[in-house]
Every structure is written in C-alpha cells, then in structure tokens.
Amino acid sequence: MTEVLASNTSNEDDRRGHANLFSLALAVSSVAFVEGSKTVIDSGEDPPQMYKSHVSALQADKRPCWFSVIKARVKGCPFTLRTSLRSRPLMGLSKLVRSYLRRAAFIFVGYVIISYTYSQVSDTEPREPKIPGRFNRPKTKGQASPSGDEDWKKRGAIVDAFKHAWRAYERDAFGYDEYYPLSHTGSYLSGAGVGYSIVDSIDTMMLMKATGDREIDGMYNRAKKWIDKKLDFSQVGQVNTFETTIRVLGGLLSAHALSASPPPETSIFLKKAIDLADRMLPTFITATGIPLSSTDLKEKTGYADMSNGGAASTAEATTLQLEFRYLSHLTGIPDYWAAVVKTNRAVRHALLPEGPALVPIFISPRDGRFVSSDIRLGSRGDSYYEYLLKQYLQTNRTEDIYRIFRAYRSTKSTLAVGVFREKMYDNAMDSIHEHLLKRSPSRKLLYTSEFHNVRWPSYDEQPDVASWHVEHKQDHLVCFLGGSLMLGATEAHTSIPPKARDLTRAAIRDWNSGQDLIETCMATHETATGLSPEIAMFFDKPPTSGPGSAPTSLKREWYIKGENRNYPLLDARYILRPETIESLFIAYRLTGDKKYRSAGWKIFSAIEKHCKIPTNKGGGYASIRNVDNAEGEAGWVDKMETFFIAETLKYLFLLFSDQSVLPLNEYVFNTEVSCMIVRAAVW
C-alpha cells in the first residue's frame with residue numbers, strides 16, 4: 001500500500017519554479033524577524049538569556065530559523081521593549097521604529113511573492129471545455145427543452161426506447177420483480193414480489209411524461225394504480241436490505257418528491273414508503289447498529305448473510321442513509337434518521353485513526369470491526385464512497401464530519417479513548433488518489449486498482465496490510481467515480497464550468513481526475529460492439545506475452561479475462577449498466593461541454609444496435625455475453641435488468657434535458673438515481 005500515484009512530469013519545471021518562489025517568500029519573512037532581532041541586540045540592552053542565545057545562534061549559523069526567532073520574540077520582546085524605552089527613550093524608540101519598518105517591508109515583499117506564486121495557472125487547473133455555457137432554455141409543457149432541435153430528437157429517441165422496453169415488460173411480466181425478454185416471463189425475488197421493476201422506474205415515467213407523451217402518461221397511471229392497489233409488503237418474505245432500500249424505498253420517495261398532486265401529505269408513495277421503512281427498521285437492531293443483510297418484511301425481522309460468515313457488505317450497510325434520512329425529514333419521525341446515523345457512527349469508529357481512509361468490503365454487525373477482505377471501488381465497496389459525498393450534499397453542506405476537519409476524543413467509558421477520523425469524504429478521496437489510482441503505460445489512462453487479500457479471510461480477523469497485493473482491475477461499476485469526483489469538487493455551487501480560483505487545490509485535483517476517469521471509461525467502450533465489459537483488466541506495463549497479448553488487446557491498454565476463448569468469462573458481458581452514462585450526465589451539467597452528450601449518444605446508439613430486441617420478436621432489451629463479439633441474436637442474454645429502465649435510460653434522458661430539470665444544487669440522487677430534495681439543515 002505504499003505505492004502512490006505517479007505525478008505528471010510534463011510541467012515538472014513549472015512546479016519546481018513555484019516551489020522555489022514559495023521557499024524564497026518564507027526566507028524573506030525569516031530575514032525580517034532576524035533583522036528585527038539584531039536591532040534590539042545592537043541597542044545595547046540586555047535581553048532575556050533565551051532570546052539572546054537564539055539570536056546568537058542565528059548570527060553564527062548565518063541561516064534564518066524563523067520558528068526559533070518567533071518563539072524567542074513571543075517570550076522576549078515585551079521585556080526588551082520596556083527596557084529600551086526606560087533607559088534611552090528617544091534612541092530606543094527610534095531604533096525600534098526602524099526595525100519594525102524594516103520587518104514590515106520584508107514581510108510585504110514575502111506576501112507579494114506568495115500571492116504571485118499562487119495566482120499563476122498551475123498544471124492542475126481544471127480544463128476549460130470547448131463550449132462553455134449554462135444552456136438555459138425556455139420551458140415547454142412544464143419541462144425545460146434541450147438545447148437545439150437535434151438534442152430534442154435524441155431525447156425523443158430515448159423516450160421511445162423506454163416505451164419499447166416497458167411495452168414488453170407490461171405485456172409479459174407486469175408486477176414481477178425481474179423480466180426475461182427472450183422467454184417472455186418474469187420472476188419474483190421473494191415470495192410475493194416487492195415491485196422492483198415498477199417502483200424503481202415510476203419516477204422515470206414521471207420525468208418523461210412531462211414532455212407531453214400520452215403513451216408514457218398511460219404507462220405511469222397504470223403503474224401508479226398497481227402500487228396503490230397491488231403492492232402489499234405484508235405478504236413479502238425475505239428481501240435484500242440494500243436492494244430493497246435503494247430501489248423500492250428510494251423509488252417511492254423519489255416519486256413522492258416529483259408528485260405535484262395529490263397534496264404531499266396524502267401521497268400514496270409516501271404512505272407505502274412509511275410502511276416499508278417500518279418493516280425494515282428491525283434489521284438495524286444489532287449490537288453495533290450495522291444492519292443485517294436481509295429483512296423479512298412479513299415477519300419484520302432481520303437475517304445475517306451466513307454465506308459470508310455473518311458479515312455485512314460495507315457498501316450495502318452504508319448505502320441506506322439518504323433514503324431513511326429523507327423519510328425522517330418528510331414525516332418528522334426521528335427513528336429512521338437515528339437508525340442510519342448509528343450505522344455511520346459504527347463505521348467511523350472502525351476506521352483506523354492513522355493510515356489510509358480506505359475500507360475493506362466486509363464489516364461485522366457483531367463487533368463493528370472491518371473484516372479482513374479486499375479493498376476496492378467496485379462491487380461491495382463503491383457506494384460507500386459515493387454516499388460520503390451525497391449525505392453531505394443532502395443537508396446542504398451542513399454536516400462537517402464529511403468535509404470539515406474536527407478531531408475529538410471519546411469520553412464514554414464504553415469506548416476506547418482515541419482520536420477518530422473526521423472529514424471522511426476528503427480523507428477517502430486523498431487515500432484513493434494515493435493508493436488506488438494508476439495510469440496505463442502509453443496512453444496514460446487513469447484507472448482504479450484494487451487491493452486483494454491473498455488469504456480468503458476467516459471472518460474474525462482484522463485487515464492485514466502485508467497480506468494484500470495490487471490487482472489492476474476496474475469494474476464497470478467504478479465508472480460512477482468520475483462524475484462523483486467532479487461533483488465533489490464543485491458541490492454544484494460554482495460557475496459552469498468552474499474557475500480555478502473558486503476551487504481548492506484538492507478540488508482541482510479531484511476535478512481533473514474525474515475528467516480523466518471518464519475518458520478511461522469511454523476507452524473501455526472501444527470494443528466490437530461499442531459497449532463496455534463488466535470488468536476491464538489494465539496493463540501496468542506494455543504487454544509482451546501472457547494473458548491479454550492477443551492482437552485486439554495490443555491495440556488497447558486493457559483486456560478482458562478469457563477473451564481468447566470461444567466462451568469468455570462473465571467479465572465480457574454488458575448487462576445494460578448505467579455508470580458511465582451517470583458520469584457523462586454529471587460532467588455535462590457541470591461543464592456544459594457537448595462532448596459528453598456526444599459520448600452518451602454513442603453508447604445509446606450501441607445499445608440500440610446490439611441489445612434491442614425487435615418488436616416482431618417480442619420487444620424489450622437483452623444483455624449481451626461478449627462486447628468484443630458482435631454476434632447479434634446469438635450473443636443475447638435473456639435478462640433485462642431493472643436498472644436499465646430505472647437508471648440507464650433515466651440518465652440518458654437527463655443528459656439530453658436542460659439544466660433546470662432536476663438541477664444538481666437542488667436535488668441529490670441516490671445510487672439508483674432516485675431523487676431527493678436538498679434541505680438546508682440537519683433534520
């Protein structure tokens with residue numbers, strides 16, 4: 001873990017120059033203190049011994065030691081000043097005034113040098129887009145229109161894609177959790193189903209029907225009626241706590257937030273959300289507050305995942321906060337907020353006071369300690385980092401545990417006394433840059449790596465850094481990080497695009513890393529189908545032989561495991577994921593650069609070409625088994641993931657919508673793109 005991200009050496013000379021200027025400024029300030037010290041010594045007075053010894057050492061060494069002089073002056077100057085004025089008032093005062101004027105001159109020169117240094121544009125300044133601007137447009141039928149007729153047509157094509165997918169689902173599997181378009185069937189994830197597909201997608205319909213599309217309006221009304229009349233959580237057995245929260249609870253809250261009528265207090269969406277949350281609260285009743293992995297909604301009981309030794313996924317346990325906190329705000333019931341805050345507190349206490357702010361992918365609900373397991377930004381780790389930022393934004397940047405440093409010591413007798421880590425988001429981003437971000441050898445693509453645990457853990461161990469090794473592997477899931485870094489850099493409260501003077505140095509770093517990560521994610525779409533694989537492996541040095549050395553791989557700086565086989569591993573799949581499009585949407589909103597819309601349109605066009613099932617074959621969209629083999633129907637996989645209609649198409653729709661449609665400074669999205677209104681205080 002001692003590896004650090006190699007810095008860009010293209011502007012190394014400029015950075016050295018800035019460092020030298022800064023050093024010169026410090027030296028000038030130091031000389032100012034030394035000169036003032038000499039004046040008092042030369043006046044003939046007898047200063048305190050400590051002060052005299054410091055100045056003598058400085059004069060002998062001929063090098064300014066500003067810390068020593070400051071320390072001496074604080075303790076010695078009052079005595080020296082009184083002595084000078086008492087013995088020889090006029091001469092002492094005259095020399096003292098001259099010494100202070102001399103020091104003031106030196107300090108002013110130092111200030112000018114420092115100001116000049118930091119006013120220069122550095123190599124880490126955010127890059128200006130080619131086409132800046134806010135793209136504000138007049139509203140049409142209650143919805144702000146996209147910029148230009150061409151973008152309007154593209155957004156219309158995305159709405160048509162949603163209708164094509166929903167028609168097939170509604171015909172074959174309406175009410176089922178999952179849909180299989182090739183076999184024209186659906187399935188429940190638990191006994192009676194929890195409405196994943198319908199509830200997860202209803203806010204997408206609400207956004208699209210605002211364009212005036214009557215067919216979408218009809219789809220929405222039927223989905224809303226099903227939620228009102230058919231969705232009954234009292235008949236549902238065990239469900240995954242995380243998936244049910246982000247998809248069903250989040251979907252209901254998002255639909256409530258977007259509802260214009262009936263009045264909010266009578267919203268069927270809010271009523272269903274309260275019923276669901278009440279049934280899920282018992283899963284938080286553990287010794288540590290870390291929720292159990294499964295919840296029986298009928299019995300109102302939580303269950304641990306024994307396949308992982310009872311450990312909970314870190315991302316799953318820490319990706320429930322936005323939804324429960326928002327529900328607490330809407331209802332005024334503090335129990336929902338208190339449950340997830342207790343989880344946050346347990347995770348903060350599990351972080352090491354010293355060392356990287358990176359977390360293993362498993363944590364124990366029994367003792368609140370992290371389990372010795374992999375560290376990664378992909379599955380089971382991704383949304384932990386995402387929600388550190390979004391919780392901060394949700395309360396309008398008022399919770400300083402995420403972004404403002406505040407160390408404290410526990411005073412409770414039940415807890416070990418120690419300094420706990422605060423500024424959680426900033427510390428995590430620092431650690432990601434230091435340990436997990438790498439660059440490819442030739443194109444210098446910025447990608448994320450993972451730390452793999454050599455020994456599969458017994459679930460009572462603590463992480464052992466020495467047992468980890470770096471794996472140059474990036475999940476498609478990680479492509480959320482580019483947009484997240486850019487959002488964290490600006491907090492959606494800067495000009496579009498932001499100016500360097502409005503950002504801190506860390507924010508500039510995050511902004512540029514975010515842009516570079518998006519470019520890398522787009523590079524993983526350089527396949528036969530134009531779609532990205534589930535997992536990409538990156539070369540950390542130019543490939544010569546061994547895995548990934550086929551001609552197709554030599555044209556890229558990444559490869560897919562098993563791509564030379566007739567039947568590749570699951571890494572080669574594209575399952576209609578949204579993460580790259582998510583980052584493109586955020587990047588476009590923060591920059592106004594149309595290249596992000598162009599990239600999103602290329603992905604959508606590839607989906608239409610390779611994943612769309614024609615109407616005469618039933619309709620809908622299928623996953624594909626190998627992105628590097630454009631084999632048509634033979635490569636289809638019989639599943640249309642719920643997040644395709646809930647996330648992928650929603651992000652595409654928002655990408656081609658105006659800035660005023662769900663503005664980022666007014667709404668925060670959960671990890672399933674359910675939107676919640678930003679509030680100005682901790683509730």
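**Details of the sheet that holds strand β16 (residues 558–559)**
- Overall, antiparallel pairing links the three strands, which are arranged β14-β15-β16 in an open sheet. The open sheet has two edge strands with one neighbour each: β14 (473–475) and β16.

**Notes on the packing of aromatic side chains**
- Enumeration according to the criterion identifies 16 aromatic pairs in this entry.
- Relative to F669, the ring of F585 has its centre 6.1 Å away and its plane inclined at 75°; by these criteria the two rings are edge-to-face. In this pair, F585 is assigned in helix α19 (residues 579–591) and F669 in strand β19 (residues 667–669), connecting sequence segments 84 residues apart. Each of the two residues, F585 as well as F669, counts as buried.
- An aromatic cluster is built from F162, W166, Y169, F174 and Y179, whose rings are joined through pairwise contacts.
- Directly above the aromatic system of W558 lies the positively charged group of R556, at a separation of 4.0 Å from the ring centroid.

**Section: the side chain of S328**
- Of note, S328 is situated in helix α11 (residues 321–331).
- Look past the residues within four positions of S328 in its chain and what remains in contact with it is I333, P334, Y336 and W337.

**Things to note about the layout of surface pockets**
- In this structure, the second largest pocket occupies an estimated 810 Å³ of space.
- Along its surface, the second largest pocket is lined by 31 residues, and F242, E243, I246, R247 and R577 are the ones closest to its centre.
- Listed by contribution, the elements that provide at least two residues to the lining of the second largest pocket are β5 (238–240), α8 (241–258), α10 (314–317), α13 (382–394), α19 and α21 (642–655).
- Counting residues per element, the lining of the second largest pocket draws most heavily on α8, which supplies four residues.

**Here we look at empty space enclosed by the protein**
- Counting across every chain of the model gives 11 cavities of 30 Å³ or more.
- Here the largest cavity defines a volume of roughly 70 Å³.
- Along its surface, the largest cavity is lined by K390, L393, L487, F585, I586, Y651, L664, Y667, V668 and F669.
- Of all the secondary structure elements, the ones that give two or more residues to the lining of the largest cavity are α13, α19 and β19.
- When residues in the lining of the largest cavity are grouped by element, the largest group, three residues, is from β19.
- Each residue belonging to the lining of the largest cavity can be placed in one class, and the counts come to nine nonpolar, no polar and one charged.

**Things to note about the sheet that holds strand β7 (residues 301–303)**
- Spatial strand order, β5-β6-β7: three strands in an open sheet with antiparallel pairing. In this open sheet, the two edge strands, each paired with only one partner strand, are β5 and β7. Within the sheet, the average angular offset between the axes of one strand and its neighbour, ignoring direction, is 30°.
- Alignment of strand β6 (residues 294–296) against β7, held across three bridges, turns out to be antiparallel.

**Quick look at the pattern of salt bridges**
- Applying the stated criterion to the full structure yields 34 salt bridges.
- Salt-bridge contacts for E178 lead to K639; the nearest nitrogen and oxygen are separated by 3.0 Å. Residue E178 is found in strand β3 (residues 178–180), and its partner K639 is found in the loop between β18 (636–637) and α21; the two are separated by 461 residues along the sequence.
- Residue classification places K639 among the partly exposed positions, given a relative accessible area of 21%.

Conventions adopted
- Residues numbered from 1 in each chain as written.
- Predicted model: local features only at pLDDT ≥ 70, side-chain atom pairs only at ≥ 80, totals over all residues.
- Heavy atoms only, no water.
- Pairing = 2+ DSSP bridges.
- Helix = DSSP H or I, 4+ residues; strand = E, 2+ residues; numbered from the N terminus.
- Phe/Tyr/Trp six-rings, centres within 6.5 Å; stacked < 30°, edge-to-face > 60°.
- Buried < 20%, exposed > 50% of the residue type's maximum accessible area, 1.4 Å probe, protein only.
- Lys NZ or Arg CZ within 6 Å of the ring centre and 35° of its normal.
- Contact = heavy atoms within 4.5 Å.
- 1 Å grid on protein atoms, 1.4 Å probe; cavity = no way out; pocket = protein on both sides within 12 Å on 5 of 7 lines; lining within 4 Å.
- Points joined across faces, edges and corners; volume = space filled by probe spheres on them.
- Nonpolar A, V, L, I, M, F, W, Y, C, P; charged D, E, K, R; others polar.
- Axes fitted to C-alpha atoms, helices over the stretch in contact; angles between N-to-C directions.
- Salt bridge = Lys/Arg side-chain N within 4 Å of Asp/Glu carboxyl O.

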